[in-house]
Every structure is written in C-alpha cells, then in structure tokens.
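Summary of the model geometry
Each chain, written out:
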Amino acid sequence: MKTYQTIWRLVRYRPLAYFGDILSFSSRLVFIPLVGLVLRAFFNGLSGDPGPKLDPTAAAALQVLFGVLAAFAIMGGITSWVIYKYHNMALLMKNMLARILQRPGARALPNDENGNPYSSGRVVSTFRDDTDAVIELMIMFVDSISFGVSATVSLVIMWRINPWITLGVFAPLSLVVLVTQLLGHRIERYRKAARAATSQVTGLIGDMFNSVNAIKVAHAEERIVAHFAQLNDQRRTAMILDRLFRQLIETMSHSVTSIGTGLILLLAARAMYAGRFTVGDFALFASYIWPVTIWIRTLGVTIADYRQGGVSIGRMQELMQGAEPGQLVQHDPIYEKGELPMLPALTKTPADRLTHLRVRGLSYGYPIAVAEPAAEEQLAAGQGHAVNGAASVGYVNGAAATVNGAHPNELSTDNAAGIFDIDLDLPRGSFTVITGRIGSGKSTLLKVLLGLLPADAGEVRWNGELIERPADFFTPPHCAYTGQTPRLFSESLRNNILLGLTETPAHGHTNGAASAAVEINVGQAIHQAVMEQDLADMEEGLETLVGTRGVRLSGGQIQRTAAARMFVRQPELLVFDDLSSALDVETEQTLWERLEGCTSSDGRFTNDHGDGAVVSTREDRADQQYVNEETNRTSYLGHRTSTFLVVSHRRRVLRRADQVVVMKHGRIVDRGALDELLGRCEEMRLLWQGEAEC
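Structure report, in brief. (Residues numbered from 1 in each chain as written. Predicted model: local features only at pLDDT ≥ 70, side-chain atom pairs only at ≥ 80, totals over all residues. Heavy atoms only, no water.)

Now for unusual backbone geometry. Backbone torsion omega between proline 476 and proline 477 reads 10°, so that peptide bond is classified as cis. Checked against the element boundaries, proline 477 lands in the loop between helix 13 (470-473) and strand 9 (479-482). The residue aspartate 421 is not glycine, and still its phi comes out positive at about 55°. Mapping aspartate 421 onto the fold places it in strand 5 (residues 418-427). Classification of aspartate 421 by relative accessible area gives partly exposed; the value is 42%. In the Ramachandran plot, valine 530 falls in the positive-phi region, its phi being about 60° despite a non-glycine side chain. Relative to the assigned elements, valine 530 resides in the loop between helix 15 (522-528) and helix 16 (532-536). Given the relative accessible area of 13%, valine 530 is considered buried. (Helix = DSSP H or I, 4+ residues; strand = E, 2+ residues; numbered from the N terminus. Buried < 20%, exposed > 50% of the residue type's maximum accessible area, 1.4 Å probe, protein only.)

The end-to-end C-alpha separation of helix 10 (residues 279-320) is 61 Å, in line with the 62 Å expected for 42 residues at 1.5 Å each. Its axis deflected by about 30° at tyrosine 288, helix 10 carries its strongest bend there, up to four residues before the proline proline 291. Burial analysis of helix 10 places 32 of its 42 residues in the buried class, which makes it a mostly covered element. Where helix 10 ends, the next residue or the one after it, glutamine 321, has phi of about 45°, a positive value. (Expected span 1.5 Å × (residues − 1). Bend = angle between axes of the 7 residues up to and from the residue.)

A few words now on the pattern of salt bridges. Inspection of the entire model under this criterion finds 21 salt bridges. Glutamate 503 is the partner of arginine 494 in a salt bridge, and the nearest nitrogen-oxygen pair spans 2.9 Å. Residue arginine 494 is classed as partly exposed on the basis of its relative accessible area, which comes to 24%. Glutamate 676 is the partner of arginine 680 in a salt bridge, and the nearest nitrogen-oxygen pair spans 3.8 Å. Pair noted here: arginine 680 and glutamate 676 are both in helix 21 (residues 674-680), with a separation of 4 residues, about one helical turn. Glutamate 676 sits in the partly exposed class, given a relative accessible area of 40%. (Salt bridge = Lys/Arg side-chain N within 4 Å of Asp/Glu carboxyl O.)

If you want it as structure tokens, here you go:
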C-alpha cells in the first residue's frame, strides 16, 4: 500500500476523532482572521478612514469572546488528538504482533540484509519509533489542513483588499515546496540510516542483558563495551544527518517566509504612502501574515515528514512478511478500558481425541549447512556457519532450492543441516523418546512436526486426517509443547500457567456430551509438575512474581512451570524437548510417574465412572506393569490418558519408553524398544554408554 493509502485507512479507523481534531483546530485558527477584522475596524474608528468601525469597548469584548471560544476549540482538539493517536498506534502494534504470532514460531521475524533474523531491538524500535512517526505524519496533515483553512480565509480577505500584495505570499510557498521535493530522496535515505542505527543499538542492549553470563565467561566485557560505543557513534552520525536535514528544511521555510513577510510589508507600506492602503488595512495584513506564513512552513515540514513516514511504513510492512495488502491497518477492536475480553473456553470434542498420529517423509533443510544449533535461539533462527566447507542451501518462495545441484533431501547427511524423510507412528497412550547426539536433528524434528518451522516435504495425519496447517492445529486441546529453554513472563506464577485462561474447579467428566469444556485446574497442574513443595516455600504462593524470563526461579522451576502450563490445558499429545534436563533424579522420577499414570488431580487412581472414587494409590500399584493394547508394549502404568513425544538422553526416560527413535545427521537410523536397540544399534550403544556427545 502507498503511504497515503495507509494514512487514509488509519483516518477511517477513528474518523470522528480525526476529523473532530481538524474541525476543532481549524475553528481555533479561524478566529485569527476574525481578530484581524476586529483590528481593522478598531483602527478605522481611530483614524476615521472609510469602512467598518468599532469603538474600544466593542473591540475588547469581541477579543475576549474569540479567546474563550478558541480555548474550547483547543480542548476539543486535544481530546480528539489523544483518541486517534493512541488508538492508531495500538492498532498498528496489534496488527504487527498478530502477524508475528501467525508465522511459524521459529520463523516469526524476517531476515535482515545479512540473512539473519531481526533482533528484538530492531523489532522494538519499529513498534516504538516507526508507529510514532506515522502518527506524527497524521498530525502534520491536521496542522496543514487547519492552517490551510485559516490561511485561505485570510488570503480571500486580503485579496479583496489588495490582490497585488496578496500575490506576494505565493512566491515563498512555491520555493519551499520545490526545494523540499528536490531533497526528498536524501530525506528518505537519512531516515532509513537513522532507524537502522537505532535498531542496532537497541538490539545490542537486549543481547547484552540476555547474555550477561556468556559475556563474563568469555571475558568479553571490554570488547562488548567498545562495540557498543562504536554503534552509538554510528547512530549519532546517522541521527545528526537525519535531524540536520529536517532542521534545514524548517530553517529554509522560516527564512523564506520571513523574507516574504518583509516583502509584503514593503508593498503594504508603499500602498499606504500612495493612499491606497489604510491603517486598518495594514493592521489586518499584519495579523494575517502569521497564519499564512506558518502554513507555508507547515507544508514544507509535512512534505519532509511524508517521505520519512513512508520509510517507517516500509519498516512496519517488513514485519508483516507477506501478509495480505492492508493487513497492517486492518481495523480491529482496541480494548482501552474496562475488563479485557475473556478467552473462549477450551473445549474438547470426540474428534479431538488422538487415536493415531502418523508422520511420513517429513523434511526440512536449514538455509545454511550447519550442525543443528544447540541453543533454542540459534535453532529458531537457523543461524550458524558452514561445517567442513559445506555449501549453503538457498530458498525461493519458502521452498528449499538446490545445493551443488541437489535438493537438500538428496544430499549426504554429512553435508546438510535439517531433517530428512522422517517417518513416525504415535498410537494413543504411547511414550516415544527421540534421542541422538547434539546436532542430530531432535529439536528440529519437533519444531517441524508442530509447524514451528515450515516443512519442505512430507505429511502429518491425525487419526488419518491430513493436517494442512500444523502450526494452527497442534495447539490445545490437541497438543502442548515445552521447548529446551521455556519462556516465562514477568508476571505471577498463576498468570504464567494460565496465560489468560480462567481457572475452573474440577467436577469430574461430562458423560455423553458431544463437547465439554476443559477443566482448568491450576492445583492439578502444579501437582503433575511436582511443584507443590516449591510453591509451599514461596511466601506469596501462586501470586509470586517470577521476574523477567523467570529470573527469580531456578532452572528446574522454570521447566516445571512451563510443564504446568501444558498440563492445565489437558492436551491429547504432550511434546517435551529435554524437559528434565534441569531436574534432580528424584524430582524427575516423580514427574514421569505422575504423568504416566494419573487421571486425577491428587495423584490417585480413580475408576472410570467420573465420580472421583479412589480405588488405589500410586504406592499400591508402583510395581505393577501393564501392556498397552494399542502399542503392544509393556509400560509401567497402563492408564495413560495422553500420548507422549519426548526428546531426551536420560536413562530413566529411555527405560520408560514404548518406542525409542535414534537420530543421526537429521535421519532416523533405528527405532524400537530400548533392549532391542541396545542389542543391534551401534549408535544407541554409544549414546547409552556416554561415548557419544548428547
């Protein structure tokens, strides 16, 4: 969309407020020509010149009246301005955030000119600075229109008094517009450079705060500070150039209009000397010079701001990443006060029940040939460096291109990064563990399966039905996922678990209902995540503020809080990426026992009638084993109500698995029961004996 089209869509979002601002501000400025008429009549009365006359009392009364009316107009304009400014900024931010959340989770942000995903600082700069720049452009349009109304009224009156003097006004106007147009491309270039420099600085600030420990371990404090100073120097230069050109245009507008003002006064003085101009006419022209010249200045600045606003709109469009035209300014409700709308109740239908999940030929190649990044941030970004001279993988319209003439799926697994030709079968109630060395593709497999990375090939079927949009489908109540490094918000523990859901007490199952609301029980989720003792040690319990990214919690507590967030939604499929990596042995064992066997919130085993009657406790049945009829494998507990897909190399987890999937270089090298794999799979033996890096 063009800049003017974007602005018009924003105007239409709050038209009453926007046009109310124009009307209010224009009304306030129209009083300036009226004051000029009063002054003319007043001086005509003093000098005895022909024309309308006013005595001092009447002139003063009219001045006071106009002042009071102007004050009310200003109040109305400010009210309207606040409404449309902050509503439109909120709309732009909301639409950009919505688009980011629509994207695959590991590809949420676009890539920069170097092929790296946008930094968080660059995104924050766009949300903060560019939205403000667009709104400022809208304000400049209001100023231009309002001053234009006042100037037009003034020019009409001036023209009727003396056309030749009035024509002198348009000479500086034409010069300002011409020079601003000639400088337009340079204005855009300097604004882009200033915005980019600001993004680099804010991005580095975010990276430094998020990587304090890494900086200390590497003893890189001095290098980071030096790099930060260098980026600030670059930003200072870019910002000076950007501000310099804006100030240059404003100075030029002031200077040209001041010269024009002097020219008008000289012409008026000559007309007075010739007897064609009265003292009242001179007073009127003198009062009209300000609205006319300020309009000329405003037009010059508005033209410059229009160019800069186009740069800001372009930066926001980059975050929309292929969205439909106009989605950036799509009209949606903004909840500025009162209660926020409630999230729809989480419901389950018979169709949501997982019977069998089938994956065939699932493949995904990273844009550059790297070993799979260990950190989630690197994994999500697809960043890294070529290994052993491996060639880069190119992408065209989201599809993998060729590498040295071959599709990534046809490459040797030693030369390509990603996953290739993955087949999986997950029957209901099964416990599947994916294991392998670092960089073997375990986390990538989970992300591609769940739609967090876009698959290049393959299909996923839920109960035989093809899943066209995995990212939309694999959400509660179908599925819930916890990654290697779970993210918590600077909120209470309760809010981090619920994320907007409304807690409801447990009332048992709804028999015979086609659709039933999922019971949101935080206590049950806390118990399943083995956090009841941690919670008891917290003075404020569930209302404890966890801090940014859960900084007030331990690594294990963060993992279990993220797990509780999953459990409270009661999904059919539970996907964990190394959930127990930060847990001690006892907590880990208790966690898996509860997940495998509990069907009630307190860890007791209930009957199948939904009335909560206890038939036995975990201790009564801890040593018993059951055969899962759908997987035909022996499990520790036979009453699993969910299906598990787990990435882990921990022996306790591997022993619990119905099926172990061994990966290497992005491919499945073997699968089966643990005992079978230890007998026939060399890679599994190396992993089990700890000789392979996990």
